Amino acid sequence: MKEKVGIVGIPPLEIIKELHRKKVEIIDLDEPQVQASLELTAAHLPRVYCAILRTVILNAMHIELDRIYIDVGPGKCDCALHVSIILKDMLSIPIIPTRNQDMEGLGFPLCRTRMPLLDKMLTITKNVRSINRDEGKKYPSCPPTAGFWGVPPRDFNLLTLFPDTTHIYGWTRCMENKTPSDLSLESQINPGVPTVFFAQSFCAKTALARHLADRHPRGLYLDCDVAAGSSARAKIEAFFELSGTPVLRKEKS
Ligand code: SF4
């Protein structure tokens, strides 16, 4: 039977290549993989903890894995480092911490192409398990009319409120580029387009998101926990309306 290996964050490319060579099934534990309440994680993590890492614990409680690679370096966060200790005590499988400092960029065409933001994000997060170079020809760049800065949110529904010509910045751009610890790329912004600076509640990146939003001529700082509630959705809608950004999206055929 195929080995099942969980990953948290973006382990170094060499490790992902090794997992491909060994033909194991790679499961992204940052994403919701099971239908179960996040409340179940309260025995292991405080409720006021980032929803991504609570999701990691929930997945680990329900999926039978052979081992887990968890990135705990500058490409992820100290919270992940602490979660790695909790996972070690919770589970009887090897928990292997990594520190991804890869700096060879593979490109980020998806971040700049015209496509529903939700689909862009789904493709970028799916690619975390891949070892491929960018597909610049498949995803040509479009002029941006809006920006999304930040990590992939726990609740992807938030992304349906953006125009298809939204460019992605921040850690998600580093994610597609496979350089998750590239702080200079993460800090890049485009002052020419209205930009939502998003961070998960209880994440240290809230500081950078708010700081960059304050410096941006048309920036909106937003943090959300597990689900993007009606107030977060209303803020985004009002922001685009006030900044005169038409939210035109391709109808799905
Ligand atoms: S959202 Fe922030 S706290 Fe949560 S895993 Fe990502 S970097 Fe860490």
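These numbers come from a predicted model, not from an experiment. (Residues numbered from 1 in each chain as written. Predicted model: local features only at pLDDT ≥ 70, side-chain atom pairs only at ≥ 80, totals over all residues. Heavy atoms only, no water.)

## Notes on the site of the ligand
For clarity, the threshold we go by: One heavy atom suffices: a residue is near a molecule or strand as soon as one of its heavy atoms comes within 4 Å of it. Under this grouping Gly is polar, as are all residues other than the nonpolar Ala, Val, Leu, Ile, Met, Phe, Trp, Tyr, Cys and Pro and the charged Asp, Glu, Lys and Arg. An automatic or database domain assignment is the source of the domain bounds shown.
In the vicinity of the ligand, the residues found are C50, L53, K76, C77, Q200, C203 and K205. The residue inventory of the shell around the ligand, partitioned by class, reads four nonpolar, one polar and two charged. Counting the residues that make up the shell around the ligand, at least three belong to each of domain 1 (4-98) and domain 2 (110-242).

## A look at the nonpolar core
Looking at soluble globular proteins, one finds that nonpolar side chains tend to be buried together. What counts, and what does not: Nine residue types can take part in a nonpolar core, namely buried Ala, Val, Leu, Ile, Met, Phe, Trp, Tyr and Cys, and a core is a set of them joined through side-chain atoms within 4.5 Å. Relative accessibility thresholds used throughout: buried, under 20% of the residue-type maximum; exposed, over 50%; partly exposed, between the two (1.4 Å probe, protein chains only). Numbered from the N terminus, helices here are DSSP runs of H or I no shorter than four residues, and strands are runs of E no shorter than two.
By size, the foremost hydrophobic cluster in this structure holds 40 residues, and its most contacted members are F148, F162 and L222. In terms of residue count, the dominant contributor to this core is helix α8 (residues 230-242) (four residues). Both domains that meet at this core, namely domain 1 (4-98) and domain 2 (110-242), each give it at least three residues. One finds L45, I68, V72 and A80 within the second-largest nonpolar core, a separate group that totals 20 residues.

## Points about the sheet that holds strand β6 (residues 166-169)
Stated formally: Any two strands between which DSSP finds at least two bridges are classified as paired. Interaxial angles span 0 to 180 degrees and are taken between N-to-C directions of axes, which are lines fitted to C-alpha atoms, for helices over the stretch in contact.
A sheet is described by the order of its strands in space; here four strands give the open sequence β6-β5-β7-β8, paired in parallel fashion. Strands with a single pairing partner mark the edges of an open sheet, and in this sheet they are β6 and β8 (219-224). Each strand axis lies, on average, 20° off the axis of its neighbour in the sheet, ignoring direction. Both strand β7 (residues 195-200) and β8 contribute to a ladder of six bridges, which runs parallel.

## Some remarks on the packing of helix α2 (residues 51-62) against helix α3 (residues 78-90)
Going by this rule: Orientation categories follow fixed angle ranges, with anything under 35 degrees roughly parallel, anything over 145 roughly antiparallel, 65 to 115 roughly perpendicular, and all other angles oblique. In this scheme the handedness of a crossing depends on how the near helix is turned from the far one: anticlockwise by less than a right angle means left-handed, clockwise means right-handed. By the convention used here, residues are in contact when the closest approach between their heavy atoms is within 4.5 Å.
Running from N to C, α2 and α3 cross one another at 20°; their axes reach a closest spacing of 11 Å. In this view, α2 runs roughly parallel relative to α3, as classed from their interaxial angle. Viewed along their axes, α2 and α3 form a crossing whose handedness is right-handed. Across the interface between the two elements, L53, V56, I57, A60 and M61 of α2 pack against C79, A80, V83, I86, L87 and M90 of α3. A class-by-class count of the residues in the contact of α2 with α3 yields eleven nonpolar, no polar and no charged.

## Overview of the domain arrangement of the chain
The cut-off we apply is this: Accessible area that two parts lose when put together, evaluated with a 1.4 Å probe and summed over both, is termed the buried area. Whenever a carboxyl oxygen of Asp or Glu lies within 4 Å of a side-chain nitrogen of Lys or Arg, that contact is scored as a salt bridge. A 3.5 Å cut-off defines polar contacts: any pair of N or O atoms within that distance qualifies, except that in protein one atom must be a possible hydrogen donor and the other a possible acceptor, and neighbouring residues in sequence count only when both atoms are side-chain atoms.
Considered domain by domain, the chain is made up of domain 1 (4-98) and domain 2 (110-242). Using only C-alpha atoms to locate each centre, domain 1 and domain 2 end up separated by 23 Å. On the domain 2 side, the residues contacting the 21 residues of domain 1 number 17 residues. For the pairing of domain 1 and domain 2, the buried interface totals around 1800 Å² over both sides, and the portion due to carbon and sulfur atoms is 69%. The tally of links from domain 1 across to domain 2 stands at zero salt bridges. Applying the counting rule to domain 1 against domain 2 returns four residue pairs in polar contact (both at pLDDT 80 or more). The set of elements that each furnish at least two residues to the side of domain 1 that touches domain 2 consists of α1 (13-21), β2 (25-28) and α2. Of the residues contributing to the side of domain 1 that touches domain 2, the split by class is 13 nonpolar, four polar and four charged.

## Here's the deal with unusual backbone geometry
Positioned with a positive phi, K178 is a non-glycine residue whose angle comes to about 60°. Within the secondary structure, K178 is located in the loop between α5 (171-177) and α6 (183-186). Judged by relative accessible area, K178 falls into the buried class, the value being 9%. Of note in the backbone geometry, F202 takes a positive phi value of approximately 70° without being a glycine. Looking at where F202 falls in the secondary structure, it is placed in the loop between β7 and α7 (205-215). Exposure remark for F202: the relative accessible area of 41% places this residue in the partly exposed category.

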